[in-house]
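Structural overview for review
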Amino acid sequence: MAIQAGRIRVLKDVEPRDGAYVLYLMQQGMRSRDNPALEVAVEEANRLGLPVVAGFGLLDGGAHFPEANARHYAFLLQGLRDAKAGLERRGIAFVLRRATPAKAALALGRKAAMLVLDRGYLTIQKSWYAEIAEGFDGRLIQVEGDVVVPVDVVTNKHEFAARTLRPKLHRTWEPYLAPLRARTVKHPADDLHLKSDIDVSDPDAALAAMTLDRSVTPVRRFHGGETEAYRRLDAYLAGPFSDYGTVRNRPEAGAASHLSPYLHFGQISPVAAALKVRAAKTGGPEDRAAFLEELIVRRELAMNHVHTNPGYDAYAQAVPDWARNALAEHADDPRPHLYDEEALAEGRTHDEYWNAAMREMRVTGYMHNHLRMYWGKKILEWSPSPEEAFAVTLRLNNRYFLDGRDANSFTNVAWLFGLHDRPWGRRKVFGTVRYLGQNTLKKFDAKAYLKAVDELCRAEEEQSPIT
Ligand SMILES: Cc1cc2nc3c(=O)[nH]c(=O)nc-3n(C[C@H](O)[C@H](O)[C@H](O)COP(=O)(O)OP(=O)(O)OC[C@H]3O[C@@H](n4cnc5c(N)ncnc54)[C@H](O)[C@@H]3O)c2cc1C
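Here the structure is a predicted model, which is why all the values come from computation and not from measurement.

What follows is about the packing of helix H12 (residues 285-308) against helix H19 (residues 407-416). Direction vectors running N to C along H12 and H19 enclose 90°, while the axes themselves pass 8 Å from each other. Relative to H19, H12 is oriented roughly perpendicular. For the pair formed by H12 and H19, the contact residues are Arg298, Arg299, Ala302, Met303, His305 and Val306 on the first element and Ala407, Asn408, Phe410 and Thr411 on the second. When its residues are assigned to classes, the contact of H12 with H19 shows 5 nonpolar, 3 polar and 2 charged.

Here is the structure:
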């Protein structure tokens with residue numbers, strides 16, 4: 001089946017030039033399968049009689065992945081090892097340059113007949129694309145593979161809430177929910193001999209050789225890579241998924257997929273995941289609908305937000321006026337508890353459930369959605385000002401979650417402060433912004449959650465640290 005035209009944007013419409021290969025800058029979709037940008041590169045290369053090179057740019061110290069630390073880099077390097085193996089099995093070369101993605105693309109692009117980009121919506125990603133478009137004078141194409149419906153196909157405006165985006169997605173998603181066939185590579189890249197600056201075949205050694213923030217350590221709970229991502233999805237659909245519709249809001253029930261780190265690093269395709277969910281033998285229509293609501297509607301609402309609001313990481317721009325005004329009216333309300341960032345990060349509050357959630361996040365890199373809401377609302381309640389709460393929540397989110405620094409991170413943190421929500425009954429500190437209190441903890445077995453977190457964290461802590 002042809003790749004949907006709505007996924008493809010020609011950024012520089014010139015003929016391919018003489019070159020040794022077609023270059024695909026593999027930056028958002030770190031996978032060798034179900035990757036439309038890669039398949040477009042293969043089609044073009046076959047047409048031109050050339051091999052395909054998948055290039056990747058990686059810098060130490062989080063210079064191009066702000067707030068990234070050893071936890072994120074370990075997962076990313078594990079994923080790149082897997083992607084490289086998958087690419088090489090198909091006859092595609094993988095080359096990693098110790099450079100920003102834009103600089104890597106421009107350097108590798110000198111010998112390329114044309115360049116194919118994938119697509120992400122964060123400001124930093126857009127700045128790479130702009131730099132590439134400025135510096136690369138050959139044919140330049142961008143292919144969307146990170147969402148089901150390309151953001152600008154659904155709407156050009158900032159969506160008000162899930163309820164305004166949902167019908168637009170439901171109207172447009174069917175042609176995009178189609179399987180993607182792997183194209184045969186007609187001209188394998190065996191003779192190119194391009195050298196990588198970092199050897200990802202040993203991710204531990206690669207991580208050890210990099211200069212980066214090691215204060216947040218890699219986790220054993222999640223191993224990076226497309227093989228693991230698809231294995232997890234299959235295991236999930238064979239079991240826990242069958243209760244998703246009814247118990248997805250119960251953190252202790254184990255009904256969530258834990259796919260978010262894999263989606264964040266592009267190690268699994270949201271289209272492939274949605275198709276597998278649709279075809280699952282377990283679960284009923286309500287489980288499928290609930291999962292697709294999260295995977296497509298909620299996730300793509302976040303993409304819409306960061307794409308159409310460049311101020312997504314700043315309180316004054318990310319949070320709607322009504323909510324900022326409501327919170328400002330209550331800025332002087334006394335806070336029953338105040339904690340600074342260090343106390344929060346270390347889980348030293350009076351609330352044992354909150355502390356457990358923070359421990360799960362700090363030690364294992366993950367937290368269930370229901371608790372993320374409670375966790376974030378409490379930071380707002382326990383901070384001297386909403387501005388400070390916003391900054392602290394975002395920093396903790398992006399530092400400790402494996403899926404942090406995602407469109408979902410910025411959007412959901414802003415949700416805590418009123419984005420995509422409506423005014424509720426007025427109360428102290430929050431004004432008319434939605435409040436979550438102890439009742440949130442009564443909706444599930446909170447004691448069972450404490451026990452589960454303890455077991456998960458002990459399993460991490462009792463083993464020697466990973467590099
Ligand atoms: C304060 C706060 C901070 C958050 N920070 C992040 C973050 O940094 N990165 C991140 O990916 N998600 C974030 N989320 C959204 C959500 O909590 C996670 O995506 C989800 O918990 C991931 O677990 P899962 O893959 O097991 O989810 P599942 O329940 O199995 O859902 C499947 C997929 O649907 C998507 N999804 C689920 N819930 C949401 C949601 N509320 N909004 C958007 N997409 C969703 C995710 O891609 C997820 O992987 C945050 C939510 C809140 C309230």
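A separate point is the sheet that holds strand S6 (residues 139-143). Each strand in a sheet pairs with another by means of backbone hydrogen bonds, the pair being arranged parallel or else antiparallel. The strand order across the open sheet built from 6 strands is S1-S6-S5-S2-S3-S4, with neighbouring strands paired in mixed fashion. Two strands close off the open sheet at either side, each with one partner strand: strand S1 (8-12) and strand S4 (93-97). On average, each strand axis in the sheet is tilted by 25° relative to the strand beside it, whichever way the strands run. Sheet strands touched by helix H3 (residues 101-109): strand S2 (21-25), strand S3 (52-57), S4 and strand S5 (112-117). Its angle to S2, the strand with the most contacts, is close to 180°.

Let us now look at the site of the ligand. Neighbouring the ligand are 24 residues, the closest being Tyr244, Ser257, His258, Tyr366 and Ser409. Here an oxygen atom of the ligand and a side-chain polar atom of serine 257 are 2.6 Å apart. The separation between a nitrogen atom of the ligand and a polar main-chain atom of aspartate 403 is 2.9 Å. Protein coverage of the free-state accessible area of the ligand, which is 830 Å², stands at 96%. If you list the elements that add at least two residues to the shell around the ligand, you get helix H10 (260-264), H12, helix H17 (369-381) and H19.

This paragraph deals with helix H6 (residues 162-172). All of the buried residues in H6 are Ala162, Leu165, Lys168 and Leu169. For H6, the buried positions fall inside an angular range of 135° around the axis, keeping them on one side. Among the exposed residues of H6, those pointing more than 90 degrees away from its buried face are Arg163 and Arg171.

Look at arginine 405: it is not a glycine, yet its phi comes out positive at around 65°. Inspection of the secondary structure puts arginine 405 in the loop between helix H18 (386-400) and H19. Judged by relative accessible area, arginine 405 falls into the buried class, the value being 9%. Located in the positive-phi region is valine 429, a residue other than glycine, with phi close to 65°. When you line up the elements, valine 429 lands in the loop between H19 and helix H20 (439-442). Assessed through its relative accessible area of 4%, valine 429 is described here as buried.

About the criteria used
Residues numbered from 1 in each chain as written. Predicted model: local features only at pLDDT ≥ 70, side-chain atom pairs only at ≥ 80, totals over all residues. Heavy atoms only, no water. Axes fitted to C-alpha atoms, helices over the stretch in contact; angles between N-to-C directions. Helix = DSSP H or I, 4+ residues; strand = E, 2+ residues; numbered from the N terminus. Parallel < 35°, antiparallel > 145°, perpendicular 65-115°, else oblique. Contact = heavy atoms within 4.5 Å. Nonpolar A, V, L, I, M, F, W, Y, C, P; charged D, E, K, R; others polar. Pairing = 2+ DSSP bridges. Near = heavy atom within 4 Å. Polar contact = N/O pair within 3.5 Å; in protein donor to acceptor, adjacent residues only side chain to side chain. Areas by Shrake-Rupley, 256 points an atom, 1.4 Å probe, with all protein chains shown as cover. Buried < 20%, exposed > 50% of the residue type's maximum accessible area, 1.4 Å probe, protein only. Arc of directions from axis to C-beta.

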